[in-house]
Amino acid sequence: MPFPSATHRFPRVLADAAGFELAIAIRQGFDRHYAIFRQAAVDARALFEQGDWQALQRLNRDRIAFYDARVQECVATLAREHHATAVDDALWQQVKLHYIGLLTGHPQPECAETFFNSVCCRILHRAYFNNDFIFVRPALATEYLENDEPAEAPTYRVYYPRDEGLDTTLWRILSHFHFEAPFEDMSRDVALMRAVIEARLGLVADNFQIHVLSSPFFRNTACFAVARIINADTVLPAVLAIRRRPASDVAPASLYVDALLLEPRALATLFSFAHSYFLVDMGVPSAYVAFLQSLLPGKPKAEWYASLGLQKHGKALFYRDLLHHLRHSSDAFVSAPGIKGLVMIVFTLPSFPYVFKVIRDRFGWPKETTREAVMARYRLVKTHDRLGRMADTLEFSKAAFPRARFDEALLAELKDGAPSMIEFDGDDVVIQHLYIERRMTPLNLYLRDGDDAAVDHGIAEYGHAIKEMLAAGIFPGDMLYKNFGMTRHGRVVFYDYDEVEYLADCTVKTVPAPPDEEAELGAEPWYPVAPGDIFPETYPPFLLGDARVAAAFKRHHPDFFDPAMWRAHQNAVRQGRVADVMPYPAHLRLAATGAGAPAAGNAGLAPDAERDRRSV
Ligand SMILES: Nc1ncnc2c1ncn2[C@@H]1O[C@H](COP(=O)(O)OP(=O)(O)OP(=O)(O)O)[C@@H](O)[C@H]1O
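Everything numeric in this text was worked out from a predicted model, so none of it was measured.

Colleague: Can you help me understand the overall build of the protein in this one?
Modeller: Tallying secondary structure elements over the protein gives 20 helices and 19 strands in all. Relative to a compact globule of 616 residues, whose C-alpha radius of gyration would be 25 Å, the protein shows 26 Å and is just as compact. Dimensions of the protein, computed from C-alpha atoms along their principal axes, come out at roughly 85 × 70 × 45 Å. Sorting the 616 residues of the protein into buried and exposed places 54% on the buried side. Taking the intrachain contacts of the protein between residues at least 6 apart in sequence as the baseline, contacts between residues at least 24 apart amount to 72%. Counting every atom, the protein has about 26700 Å² of accessible surface; 55% of that belongs to carbon and sulfur. Distance between charge centres in the protein, computed from 66 positive and 78 negative side chains, equals 2 Å.

Listed below in C-alpha cells is the structure:
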C-alpha cells in the first residue's frame, strides 16, 4: 500500500507550493465530478419530458458509478502529474490546509470534503485517517451558503397566495418549472390541487405562504416538486407528483398533476431508503437538505444526501453519526434477532437503527455461491430500480469499531465464521468488508408475534412487495419471510440479495402432472429443475404453514401461486416495459377524486382498490 514516505522530505517552501498544487488538482477533480453529476439531472429532465423511461433508468444506474470513476481519475492524475505516492506527512497536512482555503465560498464544500477523503484514503495508509490529514470532522460550515445564491437561481421560491389568490399561485408554481411539454389541462389540475389544500388547511392565516424547491426531482416515470406550506404555526410538507401522458392519435404528449401529498408520512415513504436515488439539479445541495430536513426532522442528514444521489457524502455522514453515537452510548454489538444467515453474519447495536452484515468465509448448506457472486448481487440491487421494496446498502471497507463494544459471543461468531474479514488493531476490531442496512423487524418475527390484523397486513404487503419487485424485473430468489423486513411505516422491504436474479433471465414453469402416485409422494421432484427455473405452484408448503397466513394470502393475493401472474410480469419486463409503481396510495391520486387524469398502465400490478387499502 503506498503511503507517505518519511525519507522524502521537501523544504518548507517547496512543500507549500507542492501542497497547493495537489489541493488544486483535487478540487478540480471534485468540480468535474459535480458538473457531471448535475448534468445527469439536466438530462433526466429531458428524458422525462420525452418519456424515455429506459434511458432515464440507465442514467440513474450509471450515475452511481460516476463518483468512483472521478476519484480514480483524480488519484491517477495525482500520481502521474504530482508524484503523489512519494510525498511526506508535512506535505499532506499542507494539502488539507490549502484545500480548506480553496473551498471558501464553494457551493458544495461538504461534498468536496468527502471527495478529498475518498482520494486521500486511496493514497494514504489507514494510520493517516485522522483529522490532521483528512476531514474526519467537517472544516467548513454550509449553513449560510443559501444567502450567497444568485437571485435568479434560488434553492426555493416563495409564494404568497393571500396576495394573488391560490389559483394564481398554483398556476405560477406549475409554470415556474418551465417544462417543454405542455400541461394537458392546467386549470383542471389547479382546481384539484386547490381542493386538496383547502380541505387540509381550513382557515387561511395572515402568514400563509408556499415555499417550493426550484429544481424538480426525477425518478422512474415521475417528476416530483417538493414544497412546504406555512399557515399560522403549521408547517406542512407538500409534494406534487407530475406525470406524463404519451402522445395519442388525437393529442400530443402532455403532463398532468397526478397527486398532491400533504402528509409527512407520504414524504417519508417517497424518500425511503428502499427507493432508488432521485436525480435533481442542485447548486447548493446543503440548502436542499436543510429544506427537506425542516419537513421531516427525524430523518438523518445522511439519508437525505443518499436520496438526493450524493450517496458517498451520505455514507461519510453515516459513519460520523455512528462514531458520535458510539461515544454517547454503552450497549454492545450483538447478533441481530431472527434466524441466522447462511451467507451473512448479521449484527446490530440495539440503540442504533441499523444492521451490519459480514459475508461468511464458508457458506452453510445448501448455499452454493462465492463471496464475489454475493457482492455482485448486492451491487446489482444497488444499481437497479428498487421501487421502495429493496433496502439500500452502504458498503464499507476496513471499518474500525471499538473492540470493547462487542459482545463476546458475537466476536466468537465472527472469528469462527468470517476469520478473513476480522483484524484486531490495538483497541479496534477492523472489519475488512461489510454492508450496513436500515434495521427492520424480520417478517418471520412480525408474523409470529403479530395479532390477526398484523398478519393480514404483513401478508398483503409481502405479496405487493414481491409483485412490485417482479414488475421491476427482479426475482428475489429466496422468498422465505426471514428475508423480508417490516419498516416503521408498515411497508415490507426485501433485504437478502444473495439469490436475486433478473426476472427476464428466469423461466416461469408450470409443474407437469406426476407420472404416478409414487413420484408425487417422493422427496425429489419428478420433473427436471434447471438453474433459473421458477415453479410458483411449489411455494405453498414454504409460505402457507400458518392458517392465518394462508387466509390472508387467499384474501389479498389469490393469484400468487399461479404461474400466469409471474409470466405476465416476465413478459412485460422482456418487452422493455418500465415498472410504473407510484410511491403513494391510489386514493391520494387526484384522479381518485373523479375529475383528474386516468391511471397510466401499470404492468399488471395490484388493482387500485387493493393498493388503496395499503398504508403509505
Ligand atoms: N435489514 C435488516 N433488518 C433486520 N434484520 C435483518 C436485516 N438484514 C438481516 N437481518 C437478520 O439477519 C438474518 C440474516 O440476514 P440475511 O438474510 O441478509 O443473511 P443471509 O445469510 O443472506 O440469509 P440466508 O441464509 O437466508 O441466505 C435475517 O434473517 C434477519 O433475521
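Colleague: Just checking my understanding: could you explain the sheet that holds strand β13 (residues 441-442) for this structure?
Modeller: By definition, the strands of a sheet pair up through backbone hydrogen bonds, in either a parallel or an antiparallel sense. Read from one edge of the open sheet, three strands run β13-β15-β16, paired in antiparallel fashion. Taken across any chain shown, the strands that pair with only one partner, and hence form the sheet edges, are β13 and β16 (492-494). Examined bridge by bridge, strand β15 (residues 484-486) and β16 share three bridges and lie antiparallel to one another. Within β16, the position partnered with G485 by the bridge is V493.

Colleague: Sorry, what's going on with the layout of surface pockets here?
Modeller: Which parts of space are left empty comes out when a probe the size of a water molecule is rolled across the atoms. Here the second largest pocket defines a volume of roughly 1200 Å³. Contributing to the lining of the second largest pocket are 29 residues, with G477, D478, E499, D533 and Y539 lying nearest its centre. Among the secondary structure elements, those contributing two or more residues to the lining of the second largest pocket are α12 (371-383), β19 (533-534) and α17 (540-543). By residue class, the composition of the lining of the second largest pocket is 15 nonpolar, four polar and 10 charged. Per-domain counts for the lining of the second largest pocket show at least three residues from each of domain 3 (329-439) and domain 4 (442-579).

Colleague: Hey, could you run me through the UniProt feature "domain: Isocitrate dehydrogenase kinase/phosphatase (AceK) kinase" (unreviewed entry) in the protein in this one?
Modeller: Listed under "domain: Isocitrate dehydrogenase kinase/phosphatase (AceK) kinase" (unreviewed entry) in the UniProt record, and renumbered for this structure, are residues 331-585. Secondary structure over residues 331-585 splits into 32% helix and 21% strand, and the C-alpha atoms at its two ends are 39 Å apart.

Colleague: Hey, could you run me through helix α7 (residues 186-201) in this one?
Modeller: Three- or four-residue spacings in an α-helix give side chains the same orientation, since the helix completes a turn every 3.6 residues. In a regular helix each residue adds 1.5 Å, so 16 residues correspond to 22 Å; α7 covers 22 Å between its end C-alpha atoms and thus fits that length. Residue G202 follows α7 closely and has a positive phi angle near 70°.

Colleague: Would you explain the UniProt feature "active site" (unreviewed entry) in the protein in this entry?
Modeller: Following the UniProt record, one finds the feature "active site" (unreviewed entry) at D392. Considering the arrangement of structural elements, one finds D392 in the loop between α12 and β10 (394-402). What makes D392 buried here is its relative accessible area of 12%. Among residues more than four places away in sequence, those in contact with D392 are F273, Y277, K382, R386, I436 and E437.

Colleague: Please clarify how the pattern of salt bridges should be interpreted in this entry.
Modeller: When their charged atoms lie close together, side chains carrying opposite charge are able to pair. This model, assessed by the stated rule, comprises 38 salt bridges. A salt bridge links R245 to E184, with the nearest nitrogen and oxygen atoms 2.5 Å apart. Of the two residues, R245 sits in strand β5 (residues 234-245) while E184 sits in the loop between α6 (166-176) and α7, which places them 61 residues apart along the sequence. A residue is classified by how much of its surface remains accessible, and E184, at 33% relative accessible area, is partly exposed. Of the charged contacts in the structure, one is a salt bridge between R371 and D361, with a shortest N-O distance of 3.2 Å. Taken as a pair, R371 in helix α12 and D361 in the loop between β9 (354-359) and α12 lie far apart in primary sequence, 10 residues in all. We classify R371 as buried; its relative accessible area is 17%.

Colleague: Sorry, what's going on with the site of the ligand here?
Modeller: Around the ligand, the structure places 22 residues, and the nearest of them are L342, V343, M344, K482 and D498. Within the side chain of K367, a nitrogen or oxygen atom sits 2.8 Å from an oxygen atom of the ligand. Within the side chain of N483, a nitrogen or oxygen atom sits 3.1 Å from an oxygen atom of the ligand. Protein chains shield 99% of the accessible area of the ligand, which is 610 Å² for the free molecule. Elements represented by at least two residues in the shell around the ligand include exactly β8 (344-348), β9 and β12 (428-438). Along the lines of polarity and charge, the residues of the shell around the ligand split into 10 nonpolar, three polar and nine charged.

Colleague: Please clarify how empty space enclosed by the protein should be interpreted in this entry.
Modeller: This model, assessed by the stated rule, comprises six cavities of 30 Å³ or more. By volume, the largest cavity is sized at about 240 Å³. Taken together, 23 residues form the lining of the largest cavity, with F273, E303, A306, D392 and L394 sitting closest to its centre. Looking at the lining of the largest cavity, the elements that each hand over two or more residues are α10 (301-307), α11 (311-327) and β12. In terms of residue count, the dominant contributor to the lining of the largest cavity is α10 (four residues). Each residue belonging to the lining of the largest cavity can be placed in one class, and the counts come to nine nonpolar, six polar and eight charged. Taken domain by domain, the makeup of the lining of the largest cavity includes at least three residues from each of domain 2 (156-297) and domain 3 (329-439). As a volume, the second largest cavity reaches approximately 130 Å³. Along its surface, the second largest cavity is lined by 15 residues, and H33, Y67, G309, L310 and Q311 are the ones closest to its centre.

Colleague: Is there a simple way to explain the packing of aromatic side chains in this structure?
Modeller: The geometry of an aromatic ring pair comes down to the distance between the two centres and the angle between the two planes. Applying the stated rule across the entire model yields 48 aromatic pairs. With centroids separated by 5.1 Å and ring planes inclined at 40°, the aromatic side chains of F352 and Y354 adopt a geometry described as tilted. As far as the burial class goes, F352 and Y354 line up, both buried. Pairing F401 with F406 gives two aromatic rings, centres 6.2 Å apart and planes at 75°, and the pair type is edge-to-face. Across from the ring centre of Y277, 5.4 Å away, lies the NZ or CZ of R386, which sits over that ring.

Colleague: Looking at this model, I keep getting lost on the packing of helix α15 (residues 452-471) against helix α19 (residues 563-574). Mind explaining?
Modeller: How two helices sit against one another is set out by the angle between their axes and by the gap between those axes. At their nearest, the axes of α15 and α19 sit 8 Å apart, and the two run at 30° to each other. Compared by their axis directions, α15 and α19 come out roughly parallel. Along its contact with α15, which presents I466, K467, L470 and A471, the element α19 presents M565, W566, H569 and V573. Among the residues making up the contact of α15 with α19, the classes are represented as six nonpolar, one polar and one charged.

What counts and how
- Residues numbered from 1 in each chain as written.
- Predicted model: local features only at pLDDT ≥ 70, side-chain atom pairs only at ≥ 80, totals over all residues.
- Heavy atoms only, no water.
- Helix = DSSP H or I, 4+ residues; strand = E, 2+ residues; numbered from the N terminus.
- Rg over C-alpha atoms; globule rule 2.2 N^0.38 Å.
- Buried < 20%, exposed > 50% of the residue type's maximum accessible area, 1.4 Å probe, protein only.
- Contact = heavy atoms within 4.5 Å.
- Areas by Shrake-Rupley, 256 points an atom, 1.4 Å probe, with all protein chains shown as cover.
- Lys, Arg positive; Asp, Glu negative; His and termini not counted.
- Charge placed at Lys NZ, Arg CZ, Asp CG, Glu CD.
- Pairing = 2+ DSSP bridges.
- 1 Å grid on protein atoms, 1.4 Å probe; cavity = no way out; pocket = protein on both sides within 12 Å on 5 of 7 lines; lining within 4 Å.
- Points joined across faces, edges and corners; volume = space filled by probe spheres on them.
- Nonpolar A, V, L, I, M, F, W, Y, C, P; charged D, E, K, R; others polar.
- Domains from an automatic or database assignment.
- UniProt positions renumbered as here; feature names shortened; annotations may be inferred.
- Expected span 1.5 Å × (residues − 1).
- Salt bridge = Lys/Arg side-chain N within 4 Å of Asp/Glu carboxyl O.
- Near = heavy atom within 4 Å.
- Polar contact = N/O pair within 3.5 Å; in protein donor to acceptor, adjacent residues only side chain to side chain.
- Phe/Tyr/Trp six-rings, centres within 6.5 Å; stacked < 30°, edge-to-face > 60°.
- Lys NZ or Arg CZ within 6 Å of the ring centre and 35° of its normal.
- Axes fitted to C-alpha atoms, helices over the stretch in contact; angles between N-to-C directions.
- Parallel < 35°, antiparallel > 145°, perpendicular 65-115°, else oblique.

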